Amino acid sequence: MNTEKIILGIDPGTTIMGFGLIKVVNRKMSFLQLNELHLQKYDDPYIKLKLIFERTVELIDTWHPDEIAIEAPFFGKNVQSMLKLGRAQGVAMAAGLSREVPVTEYSPKKIKMAITGNGNASKEQVAGMLQSLLSLKSLPKNLDATDGLAAAVCHFYNSGKVEIGKNYSGWAAFVKQNPDKLNKQ
């Protein structure tokens, strides 16, 4: 049976919202798109939230994703930053839910762990691994788009059944024992 789904990954932000889309066919993923919504030029925080909602709905109406994966705000010391990120995330989630697309939230650490095998990996390490996994020709200047794409790939890796009895000493061991999880175009 041929199963196919599209996953939209979102890295919410009030300065830049990164997003990426992957297509999954028979448990093999392929790259569709990654991009960013730039919001720096807008001073009004409510306009930014409106634009995040509208862009997310536009992505849903264009690509018809079956699922949305979104990066959760990380817990920092700056309460105002957390509040802004939480609002951006909530608006993106509301856009998905308004179109009846299931939304799953992942912590930044879980996303990094899923992509690189290291929950403390840098944005550059995550982007480099995505470039290799999805055969991306180039990476964007800002890495918010790859963070969104990473959320989608993390969701793909976490949506399968857990295999009991397999232990991996690291990312290389996982890749070696699971060549079917990688898609070489």
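It should be noted that the structure appears before, not after, this text.
Bear in mind the structure is a predicted one, so any value in this text is a computation, not a measurement.

A.B. asks: Residues and numbers for the sheet that holds strand β5 (residues 103-106), please.
C.D. replies: Here 5 strands make up an open sheet; going across it, the order is β3-β2-β1-β4-β5 and the pairing mixed. Where the open sheet ends on each side, the last strands, each with one partner, are β3 (28-38) and β5. Strand-to-strand, the axes of this sheet are offset by a mean angle of 20°, without reference to chain direction. The pairing of strand β1 (residues 4-11) with strand β4 (residues 67-71) spans 4 bridges and is parallel. Directly across from L8, in β4, lies its bridge partner I68. Contacts between helix α5 (residues 144-158) and the sheet are confined to β1, β2 (16-25), β3, β4 and β5, with β2 contributing the most and set at about 35° to the helix.

A.B. asks: Break down the side chain of T56 for me, citing the residues and quoting the values.
C.D. replies: Of note, T56 is situated in helix α1 (residues 45-63). Beyond its immediate chain neighbours, meaning those up to four positions away, T56 contacts I10, M17, A92 and A95.

A.B. asks: Provide a residue-level description of the pairing of β3, including the pertinent values.
C.D. replies: Both β2 and β3 contribute to a ladder of 10 bridges, which runs antiparallel. By the bridge assignment for β3, I16 is matched with H38. Where β2 folds back on β3, the antiparallel hairpin that results is connected by 2 residues, among which N26 adopts a positive phi of roughly 50°.

A.B. asks: Break down the packing of aromatic side chains for me, with residues and values.
C.D. replies: Scanning all chains against the criterion turns up 1 aromatic pair. A ring pair is formed by F156 and Y157, whose centres lie 5.4 Å apart and whose planes are at 40°; its orientation type is tilted. Residue classification places F156 among the buried positions, given a relative accessible area of 0%.

A.B. asks: Can you explain the layout of surface pockets? Please cite residues and give values.
C.D. replies: The rolling of a water-molecule-sized probe over the atoms marks out the regions of remaining empty space. Estimates place the volume of the second largest pocket at around 470 Å³. In this structure, the second largest pocket is lined by 24 residues; those nearest its centre are D11, E71, F74, K123 and D147. A total of 4 residues in the lining of the second largest pocket trace back to one element, the largest contributor, which is helix α3 (residues 108-116). A class-by-class count of the residues in the lining of the second largest pocket yields 10 nonpolar, 6 polar and 8 charged.

A.B. asks: So what's going on with the environment of L8? Which residues, and what values?
C.D. replies: Residue placement: L8 occurs in strand β1. L8 gets classed as buried once you look at its relative accessible area, which sits at 0%. Sequence separation of L8 and A152 is 144 residues, and the distance between their C-alpha atoms is 5.7 Å. If near-sequence neighbours (up to four positions away) are discounted, L8 is found in contact with F19, G20, L21, L59, I60, P65, E67, I68, A69 and A152.

A.B. asks: Which residues make up the packing of α1 against helix α2 (residues 79-98), and what values go with them?
C.D. replies: At their nearest, the axes of α1 and α2 sit 8 Å apart, and the two run at 35° to each other. Once α1 is placed against α2, the crossing between them reads as right-handed. From α1, L49, I52, F53, T56, V57 and I60 reach across to α2, where they touch R87, A88, V91, A92, A94, A95, G96 and S98. A per-class count over the contact of α1 with α2 returns 10 nonpolar, 3 polar and 1 charged.

Cut-offs applied
- Residues numbered from 1 in each chain as written.
- Predicted model: local features only at pLDDT ≥ 70, side-chain atom pairs only at ≥ 80, totals over all residues.
- Heavy atoms only, no water.
- Pairing = 2+ DSSP bridges.
- Helix = DSSP H or I, 4+ residues; strand = E, 2+ residues; numbered from the N terminus.
- Axes fitted to C-alpha atoms, helices over the stretch in contact; angles between N-to-C directions.
- Contact = heavy atoms within 4.5 Å.
- Phe/Tyr/Trp six-rings, centres within 6.5 Å; stacked < 30°, edge-to-face > 60°.
- Buried < 20%, exposed > 50% of the residue type's maximum accessible area, 1.4 Å probe, protein only.
- 1 Å grid on protein atoms, 1.4 Å probe; cavity = no way out; pocket = protein on both sides within 12 Å on 5 of 7 lines; lining within 4 Å.
- Points joined across faces, edges and corners; volume = space filled by probe spheres on them.
- Nonpolar A, V, L, I, M, F, W, Y, C, P; charged D, E, K, R; others polar.
- Left-handed = near helix turned anticlockwise from the far one by under 90°.

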